[in-house]
Amino acid sequence: MSDPPFSENERRLLRCLLRFYREIGPGATPALKGLDEETGLERWEISEAVSVLRAKRLIEYWELQPAVRLTPEGLLAVLLLQDEGGD
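Just so it is clear, the structure is predicted and the values come from calculations on it, not from any experiment.

Trainee: Is there a simple way to think about the overall build of the protein chain in this case?
Mentor: Counting secondary structure elements, the protein chain contains 4 helices and 2 strands. Helices (α) and strands (β) of the protein chain occur, in sequence order from the N terminus, as α-α-α-β-β-α. Relative to the 2.2 N^0.38 estimate, which gives 12 Å for 87 residues, the radius of gyration of the protein chain is 12 Å and therefore close to what a compact globule would have. For the C-alpha atoms alone, the extent of the protein chain along its principal axes is close to 35 × 25 × 20 Å. Looking at the 87 residues of the protein chain, the share that counts as buried comes to 39%. Across the protein chain, contacts joining residues at least 24 apart in sequence account for 57% of those joining residues at least 6 apart. Counting 11 positive and 16 negative side-chain charges, the protein chain places the centres of these two groups 3 Å from one another.

Have a look at this one:
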């Protein structure tokens, strides 16, 4: 099985969400507001990355806050990225 290709912005967001996962736990659901500082991305770049990763079912999205978190598939994908030396 080959890994799905990720843009640099998608990789940055996945890695950021992995840091939250490791620090807080599987329920870590950071708000989108503030992720720009955490990832070093502009808000529009985060929005694009969220849309793509959500379509791939690698993150879950809550519109109320708005907030995101890794799905089990997203966790596997970001761990595979790290194993490939992508971190």
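Structure shown, so let's carry the discussion forward.
Trainee: Hey, could you run me through the pattern of salt bridges in this one?
Mentor: A side chain with one charge can pair with a side chain of the opposite charge if their charged atoms come near. The tally for this structure, following the rule as stated, stands at 4 salt bridges. Lys 56 is the partner of Glu 10 in a salt bridge, and the nearest nitrogen-oxygen pair spans 4.0 Å. Of this pair, Glu 10 sits in helix H1 (residues 8–24) while Lys 56 sits in the loop between helix H3 (43–55) and strand S1 (59–62); the two residues are 46 residues apart in sequence, bridging distant segments of the chain. Exposure remark for Glu 10: the relative accessible area of 8% places this residue in the buried category. Its salt-bridge partner being Asp 36, residue Arg 43 comes within 3.4 Å of it at the nearest N-O pair.

Trainee: Can you walk me through the packing of H1 against H3 in this structure?
Mentor: Relative placement of two packed helices is described by the angle separating their axes and the distance separating the axes. H3 packs onto H1 with a crossing angle of 85° between their chain directions and a minimal axis gap of 9 Å. Compared by their axis directions, H1 and H3 come out roughly perpendicular. Along its contact with H1, which presents Asn 9, Glu 10, Leu 13 and Leu 14, the element H3 presents Glu 45, Ile 46, Ala 49, Val 50, Val 52 and Leu 53. Of the residues assigned to the contact of H1 with H3, the class counts are 7 nonpolar, 1 polar and 2 charged.

Reading guide: rules and limits
Residues numbered from 1 in each chain as written. Predicted model: local features only at pLDDT ≥ 70, side-chain atom pairs only at ≥ 80, totals over all residues. Heavy atoms only, no water. Helix = DSSP H or I, 4+ residues; strand = E, 2+ residues; numbered from the N terminus. Rg over C-alpha atoms; globule rule 2.2 N^0.38 Å. Buried < 20%, exposed > 50% of the residue type's maximum accessible area, 1.4 Å probe, protein only. Contact = heavy atoms within 4.5 Å. Lys, Arg positive; Asp, Glu negative; His and termini not counted. Charge placed at Lys NZ, Arg CZ, Asp CG, Glu CD. Salt bridge = Lys/Arg side-chain N within 4 Å of Asp/Glu carboxyl O. Axes fitted to C-alpha atoms, helices over the stretch in contact; angles between N-to-C directions. Parallel < 35°, antiparallel > 145°, perpendicular 65-115°, else oblique. Nonpolar A, V, L, I, M, F, W, Y, C, P; charged D, E, K, R; others polar.

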